[in-house]
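Results of the structural survey
The lines below spell out each chain.
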Amino acid sequence: LLKNEIDDLNIPITTLASKCNVTRQTISNWLENPDAISAKNARALADALRITDRDKLMSIFLAPNVEESSTT
């Protein structure tokens, strides 16, 4: 879901990383493991991606966790 948002905006990972004050590798790690994103970083990422819709935020940052926990 997060990768889809990044792809939809066509924003380079390096630009996104700069806006979030993290490295490109950190963004890549978040794409591989969304659980690694802290609340503070999730907010910075949402701001950088200009996501303000609460439902959309929930689906991007919480849905992967819900889906994973329901299958285990």
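Residues numbered from 1 in each chain as written. Predicted model: local features only at pLDDT ≥ 70, side-chain atom pairs only at ≥ 80, totals over all residues. Heavy atoms only, no water.

A closer look at unusual backbone geometry
Here the phi dihedral of asparagine 10 falls at roughly 55 degrees; this positive angle occurs in a residue that is not glycine. Mapped onto the elements of the fold, asparagine 10 is located in the loop between α1 (2-9) and α2 (13-20). Residue classification places asparagine 10 among the exposed residues on the basis of a relative accessible area of 68%. Despite not being glycine, asparagine 21 has its phi angle at roughly 60 degrees, a positive value. Looking at the element boundaries, asparagine 21 is found in the loop between α2 and α3 (24-32). (Helix = DSSP H or I, 4+ residues; strand = E, 2+ residues; numbered from the N terminus. Buried < 20%, exposed > 50% of the residue type's maximum accessible area, 1.4 Å probe, protein only.)

Focus: the pattern of salt bridges
The tally for this structure, following the rule as stated, stands at three salt bridges. A salt bridge links glutamate 5 to lysine 56, with the nearest nitrogen and oxygen atoms 3.3 Å apart. Here the residue glutamate 5 occupies a position in helix α1, and lysine 56 occupies one in helix α5 (residues 54-61), the gap between them amounting to 51 residues. A salt bridge links arginine 43 to aspartate 47, with the nearest nitrogen and oxygen atoms 3.4 Å apart. Of this pair, arginine 43 and aspartate 47 both sit in helix α4 (residues 39-48), four residues apart, which is roughly one turn of that helix. The class for arginine 43 is partly exposed, based on a relative accessible area of 48%. (Salt bridge = Lys/Arg side-chain N within 4 Å of Asp/Glu carboxyl O.)

These values are about where atoms sit, not about what they do.
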